[in-house]
Structure formats: structure tokens, C-alpha cells
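Report on the structure
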Protein chains: 2
Amino acid sequence: MSTIINVILSGGVGSRLWPLSRKSKPKQYLPIFEGNTLFELTVKRNQDLVDRTVLVGSEQNKALAAPYLKDVPHDVIAEVLPRNTAAAIAFAAFHAQPEDVLIVTPSDHLIEDMNRYVEAIEQGVVFAKEGYIATFGIRPTRPETGYGYIEHEHHSVLSFREKPNAETARDFLKNGNFLWNSGIFCFKAGVYLEELRRFEPKLYQTAAAAFDHADELVLDEERSKQIPSKSIDYAVLERSELIKVVPANFKWSDMGAFDSLFAYFQEKGYPIDENGNIVVGSTKHTMFVGLTNCMVVNTEDAMLILDRSKAQEVKQIYEQLEKEDSPLVQ
Amino acid sequence: MSTIINVILSGGVGSRLWPLSRKSKPKQYLPIFEGNTLFELTVKRNQDLVDRTVLVGSEQNKALAAPYLKDVPHDVIAEVLPRNTAAAIAFAAFHAQPEDVLIVTPSDHLIEDMNRYVEAIEQGVVFAKEGYIATFGIRPTRPETGYGYIEHEHHSVLSFREKPNAETARDFLKNGNFLWNSGIFCFKAGVYLEELRRFEPKLYQTAAAAFDHADELVLDEERSKQIPSKSIDYAVLERSELIKVVPANFKWSDMGAFDSLFAYFQEKGYPIDENGNIVVGSTKHTMFVGLTNCMVVNTEDAMLILDRSKAQEVKQIYEQLEKEDSPLVQ
């Protein structure tokens, strides 16, 4: 009897949401979605679909995730070093039985429209049980340049595509055969590990070694250093013959940067002035003069004043502060 | 023996510097000029040139000005209603002897280069003693559209000009015979009153009545309502044959709006990022992304995010808040 497991990946900081997100408070733990965190919403979204939850992430995730995991059967696999998604998912697969079905989800995306989500996941589980590796593709609603795409025909993947430029994104949308790559996957633990061993034997072996020498699910540091850092997309998805895609219509956003967050706040009726200016993190009366599409992000020790069309550039601010060893990223 | 009196006019709020300036804290009382207020700098600049200081302004000025006046012989004439400069100066003139020389100065302008200032004022006092009404014109250093101009030939005024448009301002600068109208005047009290009576008999009489019925230099309210609200420029300067202009080279700014304040801060070496962005009123670490020439003005209860090229429009924010009876202008 196989178990269904929600593998939640909790990796990055979400540096493009600085100063809200910090090393000590990654994006998925910010309670800014009507008071909820994206992590919490991920756990709740999946808990009735699975038997168990496995979190894979850095050790600090343990404390941050604890309040949201306390009511579900769960394990936490602690990575001492980040080694990208191919290895992170391998750890969860090693921890499971080969016949167990893993539903792998990021912890930092926003999904709405639960019925459609459940429908898509159930279809994915069917594929998984048949021995396939299921991916989930979201039907695009705009020519988004911030997401990867999956070219498909029904459930078959024709190609995976990197983030396109604006012109290509418009072509994708017009073409109609392209889906946003959601980063959600579903497969049997054994099927994934078999494909990983086949395409990335070194990654497989080093990950297995780090896992086998884990101490209470805290991975072995020295052995972790040996693991090649590759995404599941490069390591397995783009090479395996077992891929199926489930086209889905649920509402999905990676909340990657402040433009996504703005769209969310706008939809929820958050106050925005007539020129598209918004203040986050302060209730102080704020007036904008001569500015449009400006976003003020206020925190206790740092403030960001952003032209929303430059939302991606916040990453560079973060990286600069990190290089300077600034306490403002901690 | 005539006395020389510095008449300091302390009228407006400086609404274009909102949220720094408020009704309870007009621009001239903001300690933002290396810790000094413009009012204080005005008193100090003139105290060695005069025998006495007379402040004319609304009643709340008494408390605000007190710390800066305590070391100089002074009187405060309290207007119950604002009635513009022709009347305000008349009150100071009524309070003086006809032969007293009045050096009338705004309280909210910044002047640097003391030697040149003293030189200009001394020339003005000479004219005043000869029975003239002296104005002071600053040699323009840029085609400023925010100031009025004086067309002159040596000490003779050819015309007074309203704030010009950009093209006219460039013509004025090129022409070389135009000076910025500084709002500083010098004349004998009796000469001013004589000219005022001649050109504006009603204004003269109603102002005299309000002054004569003052209670400890607090003007009579009912009689104040009768006084026509006119500037000294319209009431006297543009009509009198007794006008002399003193061209001067001291550094002068009306600090009317945030663009002037920015120029001041820039000169004083205040931190400004490489795109000309600046934060006033907060030491919180602030980063700007995708924005240029942006100014953040932070106060305890309100924040302004301003495109500096739209600095004049802050007045409209203030007026709107005032209309809404907002506590944020109090």
C-alpha cells in the first residue's frame, strides 16, 4: 500500500522581495497574504490530498515551519548546504518507499481556486501511479516573461523553454500550446530515483551518501559538498521519456517580485492611489507627488522605494548588501 | 535721532514644504538648516545692523519666535487675520516713529554671504535716509521661473515682473538687466505710510484703525476684517516714484519648495544617491530602485514621496488636506 507524500521545498530567501524577505525570514514565511504565509497555505492546500508532509530545506526552516506543521504528520529533512532541486527531491525520495507517490511543491507560490488544483493533482497522481513523472503546466493568461514555459500537445511535453523575451512570450501566448512551468511535480519515489541514477549517476550517488550519513535527518555536511548543484529540470525532466504534463487552470503566481505582490494586493482591494502607487508595511499617511506605479516597502530597519516596472532589479540590491555583509539581509 | 528697525514678516505656512511644514510649525520655524531655523538666521543676520526687531505675524508666532528673540530688543505685532504685506508693514510703520528706518525682511528665506548682505543693506539704509523706498534685487544665476523679477538700470526700477515662463526667464537672464525680487525693503516709516495713504487710502485708514484699537499689539479683529488684502508690491512699489533698487550678489533662496531645499542639502553634502534620490527626516536605510530625482520626506505622522521636478505641486496636496480639515496640516 503506497503512501502519498507532499514534499515541500523550502529553499531560497526570495531576495527580490527585500526588505520584506531576509535570510532569517524567507518569502514563504512572511504573513502578508491576508495574514497567512505562503508556507502555511502550501501545507493546508495539500494536507487533505496526502498522508504525510516532508519538508526539505535549510536547518533554520525547522523553527520557521514548526507552527504550520504541528497539526500534520511530517518530517523535516535539513540540508546543511543548498544543493538545488534535483538533490533536495532525491533526499525526500530516499526517505520514502519506492512505491510512495511524491507530490513535490514549492513553498513560496500562491495558488487559488482549490477545486481546479485538486483536480489537476488527482490527474497527476494517476500518472504517477502509472509510472510517469507528472509536471503541471498553467494555461498562461498574459505574455509573462518571468516564467519558464512547457510546450505541449495534450499530456505530452514537446519542449521545456527558459524565460522568454517579450516577443517570444507573445508568440507563446498566441500559439496556445505553451503552459507556464509551475514547479510542481508528481511521481513515485522509485521512478524519480531510477531516472536520476540513469541521467546523473554522480548526483544520485553523492546525494545518497549524504542522506545515508544524515544524523536525525540532518544531512552530512562534508558529503553534501560533493553533490552537483542541478535543478530537477536539467537533471531529469528535460531528458526523461516518462514525462507527462497536466494542463491546469488554477490561479498561480510565483510571487517572485514586487510586481506579482502588487497584482495580488490590487486584487484584494488593498489601498492604491489613482496613479498606481502603494505603500506596504506602514499605515502612516503617505502621499505621492509626480510619481506613478511606485511602491514603498517599509520595514523596521530598511525602506525600499521602487518603480514597479523595475521589480526584478531588487535582487541586485539584495546581492550588493549581501556582499557588504550587511545586517539588513539577515 | 532715528532708530533702525528690522521688521520681520512671518506670514505663511510654507505649504509646499508639507509634511515638514504645518500650521503649528511654519517653514521658518523648522530647524533643518544645519540645526537652525530660517527665522533664527533672519534675526541673527540683522541684529547687528539694527536697534530693534519687530515681528509682524499671526498670534501663534509669539510662542514660536520667542526663543529666537529673547536676546534682542523686540516687539511682536500680532495679526488676528492675515491681511498681506502692505498692511503688515503698515502696522510696523505705525508702531515706529516717522523718521525710523525699517528694514523689512521675510522670515523664511535663506541668505548666505554675510559681507555682501551687509553691504547691500547699508546702501539701502542710505537710500532710505534720503527719503527713498529701497528694494533689493539679486543678480540671477539661472533662468528661475519661481521668482519675480525687477528690470533695472543702475538703481532705477524700469519694471516689476511676475514669475516668468521658462522662455522669458532665459531672456531675462541673457538680457542682464533683470534681478530677482528678494522681498526685502528699506524705507523710513513715514515715507512708506505717506505713499500708502496716497495710493491706497482705504487700506491705510483701515489698517490704522485696526492698529489704533490693538490690545497690547494684538490687532483688533473686527477692524482687521475691513483691511483690503494687498501686497506691498501692488499697493506701493509698482506705483511710487520713490523706488530705488539695490542690486546685490549675496546668495539668496526663498526655500519655497523641495527643489530649493534639495539644492541646499546637496550643497551641504547631505547624502544623496547616484540617481539624485534623497531621504529627509529618517535615518532608516533606504534604497531606491528604478527612480531618479526622488525625494522622501518623512515625519512622525505623514510621509511624502516626491518627484523633485514636481515640487510645486505639493501645495495642492496641502490645500486638499486643508479642505478635508485633516489633522495632518495642523
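The structure reproduced in this document is the subject of the present report. For clarity, every value in this text was computed on a predicted model and none was experimentally measured.

Let us look at the relation of the copies chain A and chain B. With an RMSD of 0.0 Å, the operation that places chain A on chain B is a rotation of 180° combined with a shift of 0.0 Å along the axis. Accordingly, the operation relating the two chain copies is best matched by a two-fold axis. Taking the C-alpha atom as reference, chain A places A:Ile305 closest to the rotation axis, 4.3 Å from it. Take the interface residues of chain A: 100% of them recur as interface residues in chain B, which is what a same-surface contact looks like.

In this assembly, 27 residues from chain A lie in contact with 27 residues from chain B. For the pairing of chain A and chain B, the buried interface totals around 2200 Å² over both sides, and the portion due to carbon and sulfur atoms is 70%. For the chain A face of the interface with chain B, the top three residues by lost area are A:Val289, A:Met303 and A:Ile305, together amounting to 31%. Between chain A and chain B we count zero salt bridges in total. Taken together, chain A and chain B are joined by 14 residue pairs in polar contact (both at pLDDT 80 or more). Within the residue set of the side of chain A that touches chain B, elements represented by two or more residues are strand S13 (285-289), strand S14 (294-298), strand S15 (302-307) and helix H11 (314-323) of chain A. Looking at the side of chain A that touches chain B element by element, the count peaks at six residues for S15(A). A class-by-class count of the residues in the side of chain A that touches chain B yields 16 nonpolar, five polar and six charged. Looking at chain direction, S15(A) and strand S13 (residues 285-289) of chain B are connected through five bridges and run parallel.

Further remarks concern the packing of aromatic side chains. Residue and element names in this part refer to chain B. For the structure shown, the criterion picks out 30 aromatic pairs over all chains. Relative to Trp252, the ring of Trp180 lies with its centre 6.3 Å away and its plane at 45°, an arrangement referred to as tilted. With a gap of 72 residues between them, Trp180 in strand S9 (residues 178-188) and Trp252 in strand S11 (residues 251-253) connect regions that are remote in the sequence. Classification of Trp180 by relative accessible area gives buried; the value is 2%. For Trp252, a relative accessible area of 8% puts it in the buried group.

Glancing now at the sheet that holds strand S14 (residues 294-298) of chain B. Across the sheet, which stays open at both edges, the four strands sit in the order S13(A)-S15(B)-S14(B)-S12(B) with mixed pairing between neighbours. Each having just a single partner strand, S13 of chain A together with strand S12 (278-280) of chain B make up the two edges of the open sheet. Put simply, the sheet's adjacent strands are angled 15° from each other on average, direction ignored. The sheet strands contacting helix H11 (residues 314-323) of chain B are S13 of chain A together with strand S15 (302-307) of chain B, and the helix crosses S13(A) at an angle near 140°.

To continue, consider the pairing of S15(A). Residues and elements named next belong to chain A. The buried fraction of S15 is high, at six of six residues. The pairing of S14 with S15 spans five bridges and is classified as antiparallel. Among the inter-strand pairings, Val296 is bridged to a residue of S15, identified as Ile305. Where S14 folds back onto S15 in an antiparallel hairpin, the turn is made up of three residues.

Residue and element names in this part refer to chain B. One can find Thr135 in strand S6 (residues 133-138). The class for Thr135 is buried, based on a relative accessible area of 0%. Non-local contacts of Thr135, meaning those with residues more than four positions away in its chain, are made with Ile150, Phe160, Ile184, Phe185, Leu237, Ile243, Lys244, Val245 and Val246.

A separate point is the sheet that holds strand S12 (residues 278-280) of chain A. An order of S12(A)-S14(A)-S15(A)-S13(B) is seen for the four strands of this open sheet, with the pairing classed as mixed. Of all strands in the sheet, those with a lone pairing partner are S12 of chain A together with S13 of chain B, marking the two edges. The mean inter-strand angle of the sheet, taken between neighbouring strand axes irrespective of direction, is 15°. Of the pairings in the sheet, the one linking S12(A) to S14(A) comprises three bridges and is parallel in character.

When helix H10 (residues 258-267) of chain A is considered as a whole, its buried residues turn out to be A:Phe258, A:Ser260, A:Leu261, A:Phe262, A:Tyr264 and A:Phe265. Considering only its buried residues, H10(A) is in contact with strand S5 (110-112), strand S11 (251-253), S12, S14, S15 and H11 of chain A.

Okay, the packing of helix H3 (residues 84-95) of chain B against helix H7 (residues 201-212) of chain B next. Residue and element names in this part refer to chain B. Where H3 meets H7, the closest approach of the two axes is 10 Å, and the angle between their N-to-C directions is 55°. On the basis of their axis angle, the class for H3 and H7 is oblique. Two packed elements cross with a definite hand, and for H3 against H7 that hand is right-handed. From H3, Ala86, Ala87, Ala90, Phe91, Phe94 and His95 reach across to H7, where they touch Leu203, Tyr204, Ala207, Ala208 and Phe211. Grouping the amino acids of the contact of H3 with H7 by side-chain chemistry returns 10 nonpolar, one polar and no charged.

Let us now look at unusual backbone geometry. Note the cis peptide between A:Trp18 and A:Pro19, where omega equals 10°. Examined against the element boundaries, A:Pro19 turns out to sit in the loop between strand S1 (4-10) and helix H1 (38-47). Not every positive phi belongs to a glycine, and A:Asp325 is a case in point at roughly 60°. Turning to its location among the elements, A:Asp325 is positioned in the segment after H11. You will see that B:Asn293, though not glycine, has its phi angle at about 55°, which is positive. Residue B:Asn293 is classed as partly exposed on the basis of its relative accessible area, which comes to 34%.

The rules we used
- The residue numbering used here restarts from 1 in each chain and proceeds along that chain's sequence as written.
- As they are written, the chains are lettered A onward and the ligands numbered 1 onward, keeping that order.
- Confidence filtering applies because this is a predicted model: local features only for residues at pLDDT of at least 70, side-chain atom pairs given and counted only at 80 or more, and all residues used for totals across whole chains, interfaces and linings.
- In computing side-chain properties, one takes all heavy atoms of the structure into account and sets aside hydrogens as well as water.
- Here the copies were fitted onto each other by least squares, based on C-alpha atoms from residues at pLDDT of at least 70 in both.
- Contacts were defined at the residue level, with two residues in contact if any of their heavy atoms lie within 4.5 Å.
- Here the buried area means the combined drop in accessible surface, using a 1.4 Å probe, for two parts upon being joined, counting both sides.
- Any carboxyl oxygen of Asp or Glu within 4 Å of a side-chain nitrogen of Lys or Arg constitutes a salt bridge here.
- Polar contacts here mean pairs of N or O atoms no more than 3.5 Å apart (in protein, one a potential hydrogen donor and the other a potential acceptor; neighbouring residues in sequence count only if both atoms are side-chain atoms).
- Numbering of helices and strands runs from the N terminus, with a helix taken as a DSSP run of H or I at least four residues long and a strand as a DSSP run of E at least two residues long.
- When residues are sorted by character, Ala, Val, Leu, Ile, Met, Phe, Trp, Tyr, Cys and Pro go into the nonpolar class, Asp, Glu, Lys and Arg into the charged class, and all the rest, Gly among them, into the polar class.
- For two strands to be treated as a pair, DSSP must find at least two bridges joining them.
- A pair of aromatic rings is counted whenever rings of Phe, Tyr or Trp (Trp by its six-membered ring) have centres within 6.5 Å, and the orientation is called stacked for planes under 30 degrees apart, edge-to-face for over 60 and tilted otherwise.
- We call a residue buried when its accessible area falls under 20% of the maximum for its residue type, exposed when it is over 50%, and partly exposed in between, using a 1.4 Å probe and counting protein chains only.
- Structural elements are reduced to axes, namely lines fitted to C-alpha atoms, with helices fitted over the stretch in contact, and the angle between N-to-C directions of any two is expressed from 0 to 180 degrees.
- Should an angle fall under 35 degrees it is taken as roughly parallel, and over 145 as roughly antiparallel, whereas 65 to 115 is taken as roughly perpendicular and any remaining angle as oblique.
- For any helix crossing, the convention is left-handed if the near helix is rotated counterclockwise from the far helix by under a right angle, and right-handed if that rotation is clockwise.

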